[in-house]
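Next come the chains, spelled out residue by residue.
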Amino acid sequence: MAVLRSSSRCSVSVIGAVLLVVLVLNGANLCNGGKTSTFVRKVEKTVDMPLNSDVFRVPPGYNAPQQVHITQGDHVGKGVIVSWVTQDEPGSSEVLYWSENSEHKKTAKGKVYRYEFYNYTSGYIHHCTLKKLTYNTKYYYEVGIGHTVQQFWFITPPEVGPDVPYTFGLIGDLGQSFDSNLTLTHYEHNPLKGQTVLFVGDLSYADQYPNHDNARWDSWGRFVERSVAYQPWIWTAGNHEIDFAPELGENEPFKPFTHRYLVPYRASNSTAPFWYSIKRASVYIIVLSSYSAYGKYTPQYKWLEQELPKVNRTETPWLIVMMHSPWYNSYNYHYMEGETMRVMFEPWFVKYKVDVVFSGHVHAYERSERVSNVAYNIINGLCAPIQDQSAPVYITIGDGGNLEGLATNMTEPQPKYSAYREASFGHAVFDIKNRTHAYYSWHRNQDGYAVEADSMWFFNRIWHPVDDSTSA
Ligand SMILES: [Fe+2]
């Protein structure tokens, strides 16, 4: 399989003498255990797009639905939560929907919510769950009434099963800057066509504005509608979702996020919308919260302890974990913020052979080798990461392009566990082929849509657990 692996891998599959010479000459560079990209992004200020930008356009018509977004609405992919906002009055919370080949239109009734945040009052936020949909089917749906009806569509995933190909996009820390728009545009135009986005937290960055100006939650909802109204985004809570502002009298963490972005947490017996799981195609996805308690005896700890043994890799070969704060991060930003959760949960990730962990938070890109650091027991001194083929690959993809700018300062030398790192904005695609192979690629915004700046063939940890490392 050497030809399928990243070009930085040391295993030599040499066809001719010339190639051999080239490889020998470059041996030191290829085998140093990690690569820091030489790509230097143009230094420029990252600023948010002004509110009168076309990407934030309010749809015409009185009380027209806006900020339409969907996410998975049950545990197995037969449900979809449709959400939208009407600004002037409640209007209707119903969704009209029908499958592509059906004349029979169905109606689902939703509910409407509002919240206040300091001096801001939200529009009317509608959430409506469509249930018992048919797998692998295109559905059209409509929200709004009268002359403001708007039509969208989505495609349900294939039935959960071990050999179902499926393509996930990966976006984190997106925000609403000019760079955010580039990231979303690159994702939309990627020829690998993601079918669902795994979003690793930090959505709007509204909390960076005076009084956490929640109008920036609204503008973000309008900005991403062009993607998330047509394919589900799977949500992870980041620190910019906390919106804890006692100085404003706002003492309820996650208030805007939980009112606007519903997740199907009850379907996986979770007791809070910050940690939950779903099955989708051939994948079991576990979403964790870096900002909810995870110590022993806490609800999240107990839930994960009971959740991991439930994962049936014969049904869903791929096990993916999403969280906001990375555990393996060699940038000088958010130093060790993920460390306490790593100490609590990493032994389980190794035991249950998680394939890959996606995180955000650090505004750059990094991919690790398969490493673990679970041997330490207070007295043995074994506290360094080691290569471990039962461990996940850790990918930091907090490079969506928000207004805070890039994380450019890296620890030196590059740790051996760090396979590739680069301070650029971009997105990634995790393209599952079957139960044994998945192709992963990362795409920086400065390149053409089809260019892969980093890539790797993932070998499933249960069905094909051979070494898939990309550096020696
Ligand atoms: Fe963050």
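A quick note: this is a predicted structure, and the numbers were derived from the prediction, not measured.

**Re the sheet that holds strand 12 (residues 166-171)**
Taken in spatial order, the six strands line up as 14-13-12-24-25-26 in an open sheet, and their pairing is mixed. Edge positions in the open sheet fall to strand 14 (233-234) and strand 26 (454-459), since each of these has one partner strand only. Across seven bridges, the pairing between strand 24 (residues 426-432) and strand 25 (residues 437-444) is antiparallel. Residue pairing for strand 25: H427 is matched across the bridge by H443. In the packing of helix 3 (residues 178-189) onto the sheet, the strands contacted are strand 12, strand 13 (196-199), strand 14, strand 24 and strand 25, and the crossing angle to strand 24 comes to about 25°.

**Focus: the confidence of the model for the protein chain**
In this model, the protein chain carries an average pLDDT of 92, and 92% of its residues clear a pLDDT of 70 or more. Residue range residues 1-31 is modelled with pLDDT below 50. Its contacts to residues more than four positions away, or to other chains, number 26 contacts.

**Some remarks on the coordination of the iron ion**
Protein coordination of the iron ion is provided by D202 (OD), N239 (OD1), H324 (NE2) and H361 (ND1), with donor distances spanning 2.1 to 2.3 Å. Each donor residue of the iron ion lies on one chain, and together they are spaced D-x36-N-x84-H-x36-H. You can see D202 sitting in the loop between strand 13 and helix 4 (215-228) and its partner N239 sitting in the loop between strand 14 and helix 5 (255-260), a full 37 residues away along the chain. For D202, a relative accessible area of 1% puts it in the buried group. Note on N239: relative accessible area 22%, which makes it partly exposed.

**Things to note about the packing of helix 3 against helix 4**
Their axes nearest at 11 Å, the elements helix 3 and helix 4 cross at an angle of 10°. In terms of their interaxial angle, helix 3 and helix 4 are classed as roughly parallel. On helix 4, the residues touching S180, N181, L184, T185, Y187 and E188 of helix 3 are F223, V224, R226 and S227. Its residues placed into classes, the contact of helix 3 with helix 4 shows four nonpolar, four polar and two charged.

**So, the environment of V143**
Within the secondary structure, V143 is located in strand 10 (residues 138-143). Of the residues examined, V143 reaches a relative accessible area of 0% and is grouped as buried. Measuring from C-alpha to C-alpha, the distance between V143 and P65 comes to 6.8 Å, with 78 residues separating the pair along the chain.

Analysis parameters
- Numbers given for residues are sequential positions, taken from 1 along each chain in its written order.
- Where local features are concerned, this predicted model is filtered to residues with pLDDT of at least 70; where side-chain atom pairs are given and counted, the filter is 80 or more; whole-chain, interface and lining totals use all residues.
- To obtain the side-chain values, all non-hydrogen atoms of the structure were used and water was disregarded.
- Pairing between two strands requires that DSSP report at least two bridges joining them.
- Strands are runs of DSSP state E lasting at least 2 residues, helices are runs of H or I lasting at least 4, and numbering of each runs from the N terminus.
- Contacts were defined at the residue level, with two residues in contact if any of their heavy atoms lie within 4.5 Å.
- For helices, the axis comes from a line fit to the C-alpha atoms of the stretch in contact; other axes are also lines fit to C-alpha atoms, and the angle between any two N-to-C directions lies between 0 and 180 degrees.
- Scored between 0 and 100, pLDDT is the confidence that the predictor attaches to each residue.
- In this description, a donor is an N, O or S atom within 2.8 Å of the metal centre, a cutoff extended to 3.2 Å for sodium, potassium and calcium. Water is not part of the atom list, which can make sites seem incomplete.
- Exposed residues in this analysis have more than 50% of their type's maximum accessible area, buried residues have under 20%, and partly exposed residues fall in between, with area computed by a 1.4 Å probe over protein chains only.
- Throughout this description, any angle smaller than 35 degrees is read as roughly parallel, any larger than 145 degrees as roughly antiparallel, any in the 65 to 115 degree range as roughly perpendicular, and the remainder as oblique.
- Note that Gly is not counted as nonpolar here; it falls among the polar residues with everything else outside the nonpolar set of Ala, Val, Leu, Ile, Met, Phe, Trp, Tyr, Cys and Pro and the charged set of Asp, Glu, Lys and Arg.

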